[in-house]
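# Results of the structural survey
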Amino acid sequence: MESVVTIPAFGDNFIYLYRYDKNNALAVDPCDSSAVLNSLNEHNLKLTTILITHHHWDHTGGVSDLKKKTGCEVIGPDKRRIPAIDRVVDDKHVLAIGNIEIHVIATPGHTKTSVCYYIPASNENEHKILWTGDTLFAGGCGRIMECNAQTMFDSLLRLASLPDDTLVYCGHDYTLENYEFALTIEPDNKAVQQRLQEIKQTIRAGGFTVPSTILQEKATNIFLRSDTNEIKTALKMPDAGAVDVFAELRRRKDIF
Ligand code: ZN
Ligand code: FE
């Protein structure tokens, strides 16, 4: 069994289980408690910990019920807005869960208190793993709801600075529409065209469009390419700075 189990929920949300120490598990953004309980059961896993990226109901909906039924610990960044929270984390906190180290990366933008969780490779964990909530999506990024474009862009750049081979697990399956949107801006971008074909194939085969990698995002995520001449030219903003270009892309995506 892979160490990450992807659980689709509510149409386009992704919940993740991460297996460690044989049959312990942590859950990331469990919006739907019965979907999580079924998956724990199916894989014979015991839920010890919940990690929350941000307070929105479509990431926290199952928290209270799961805590009641499993006695797990609830960890997240926002004491006031996350239900049943036990431990509040902030930027640069390192959590020790079993033998796993989990690094907290503050990524304000979608909400003021959003965080991402990063697991470096180790003896216990062969792949580098990043859970991005609604900050970075495969081919896209979250809506800017409580901060300005500069803050969101800075958060995305922090994630983009992680190692290229980090596996990226995001909070929603918006992958197809993200690449369709990218092609409306840059219809002739071969890498984006190819990625869209791969995504369509994955979906046809019944697979998930996650994980992607940091390398793949840097190459084809249009929001991470806001500082390129190609995007500036496409938007007719040749002299604009990256943040203004990013803000314009986000505005267009909001109404796409
Ligand atoms: Zn959200
Ligand atoms: Fe969400």
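Residues numbered from 1 in each chain as written. Chains lettered and ligands numbered in written order. Predicted model: local features only at pLDDT ≥ 70, side-chain atom pairs only at ≥ 80, totals over all residues. Heavy atoms only, no water.

### Considering the overall build of the protein
- Helix and strand content of the protein: nine helices and 14 strands.
- Radius of gyration (C-alpha) of the protein: 18 Å, near the 18 Å computed for a compact globule of 256 residues.
- For the protein, the C-alpha atoms occupy an extent of roughly 55 × 40 × 35 Å along the three principal directions.
- Across the 256 residues in the protein, those meeting the buried criterion constitute 54%.
- Surface summary for the protein: the accessible area is close to 11400 Å², and the carbon and sulfur share equals 48%.
- Averaging the locations of the 27 positively and 34 negatively charged side chains of the protein gives two centres separated by 2 Å. (Helix = DSSP H or I, 4+ residues; strand = E, 2+ residues; numbered from the N terminus. Rg over C-alpha atoms; globule rule 2.2 N^0.38 Å. Buried < 20%, exposed > 50% of the residue type's maximum accessible area, 1.4 Å probe, protein only. Areas by Shrake-Rupley, 256 points an atom, 1.4 Å probe, with all protein chains shown as cover. Lys, Arg positive; Asp, Glu negative; His and termini not counted. Charge placed at Lys NZ, Arg CZ, Asp CG, Glu CD.)

### Focus: the coordination of the zinc ion (ligand 1)
- Bound to the zinc ion (ligand 1) are the protein donor atoms His-54 (NE2), His-56 (ND1), His-110 (NE2) and Asp-134 (OD), situated 2.2 Å from the metal.
- The site at the zinc ion (ligand 1) holds four donor atoms, and with the angles between them running 88 to 173°, its shape is irregular.
- One chain supplies every donor to the zinc ion (ligand 1), and in sequence these donors are spaced H-x1-H-x53-H-x23-D.
- Taken as an interatomic distance, the gap from the zinc ion (ligand 1) to the iron ion (ligand 2) is 3.2 Å; Asp-134 donates to each of them. (Donors = N, O, S within 2.8 Å, 3.2 Å for Na, K, Ca; no water. Tetrahedral: all angles 85-135°; square planar, octahedral: opposite > 155°, others 65-115°.)

### Focus on the nonpolar core
- Ranked by internal contacts, the top residues of the largest apolar core, which has 35 residues, are Leu-130, Ile-222, Phe-246 and Leu-249.
- Of all the elements in the fold, those that place two or more residues in this core are β9 (115–119), α4 (149–160), α5 (175–185), α6 (190–204) and α9 (242–254).
- The element contributing the most residues to this core is α4, with six residues.
- Formed by 26 residues, the second largest nonpolar core is a distinct cluster that contains Ile-75, Ile-119, Cys-170 and Val-210. (Core = buried A, V, L, I, M, F, W, Y, C linked by side-chain atoms within 4.5 Å.)

### A few points about the sheet that holds strand β6 (residues 87–88)
- As summarised here, the arrangement of the six strands in space is β1-β2-β3-β4-β5-β6, forming an open sheet in which the pairing is mixed. Two strands in the sheet have a free side with no partner beyond their single neighbour: β1 (4–9) and β6.
- As paired elements, β1 and strand β2 (residues 13–20) share six bridges and run antiparallel to each other. Each residue of the ladder has a partner; that of Ala-9, found in β2, is Asn-13.
- Helix-sheet contacts for helix α3 (residues 63–70) involve β4 (46–51) and β5 (73–76), and the interaxial angle to β4 is about 145°. (Pairing = 2+ DSSP bridges. Contact = heavy atoms within 4.5 Å. Axes fitted to C-alpha atoms, helices over the stretch in contact; angles between N-to-C directions.)

### Focus on helix α1 (residues 33–42)
- Within α1, the full set of buried residues consists of Ser-33, Ala-35, Val-36, Ser-39 and Leu-40. Taken around the axis of α1, the buried residues stretch over an arc of 160°, which confines them to a single face. In α1, the exposed positions that point more than 90 degrees away from the buried face belong to Asn-38, Asn-41 and Glu-42.
- Immediately downstream of α1, the backbone of Asn-44 shows phi near 55°, a positive value. (Arc of directions from axis to C-beta.)

### Remarks on the packing of α5 against α9
- Where α5 meets α9, the closest approach of the two axes is 11 Å, and the angle between their N-to-C directions is 120°. The orientation of α5 with respect to α9, classified from their angle, is oblique. In the packing of α5 onto α9, the handedness of the crossing is right-handed. Contacts between α5 and α9 involve Glu-177, Asn-178, Phe-181 and Ile-185 from the first element and Leu-249, Arg-252 and Lys-253 from the second.
- Residue classes in the contact of α5 with α9 are distributed as three nonpolar, one polar and three charged. (Parallel < 35°, antiparallel > 145°, perpendicular 65-115°, else oblique. Left-handed = near helix turned anticlockwise from the far one by under 90°. Nonpolar A, V, L, I, M, F, W, Y, C, P; charged D, E, K, R; others polar.)

### Focus on the coordination of the iron ion (ligand 2)
- Within the protein, the iron ion (ligand 2) binds to Asp-58 (OD), His-59 (NE2), Asp-134 (OD) and His-172 (NE2); these donor distances fall in the range 2.1 to 2.3 Å.
- Taken together, the four donor atoms surrounding the iron ion (ligand 2) define angles of 81 to 169° at the centre, an arrangement classified as irregular.
- Linear spacing of the donor residues for the iron ion (ligand 2) on their chain is D-H-x74-D-x37-H.

### Focus on the pattern of salt bridges
- For the coordinates displayed, the defined rule picks out 16 salt bridges.
- The salt bridge involving Asp-91 is made with Lys-92; its shortest N-O contact spans 3.3 Å.
- Salt-bridge contacts for Lys-218 lead to Asp-164; the nearest nitrogen and oxygen are separated by 2.6 Å. On the criterion of sequence distance, the pair formed by Lys-218 in helix α7 (residues 214–220) and Asp-164 in the loop between α4 and β13 (167–170) is long-range, its members being 54 residues apart.
- With a relative accessible area of 35%, Lys-218 lands in the partly exposed category.
- Where salt bridges share partners, they join Asp-78, Arg-81 and Glu-146 into one cluster. (Salt bridge = Lys/Arg side-chain N within 4 Å of Asp/Glu carboxyl O.)

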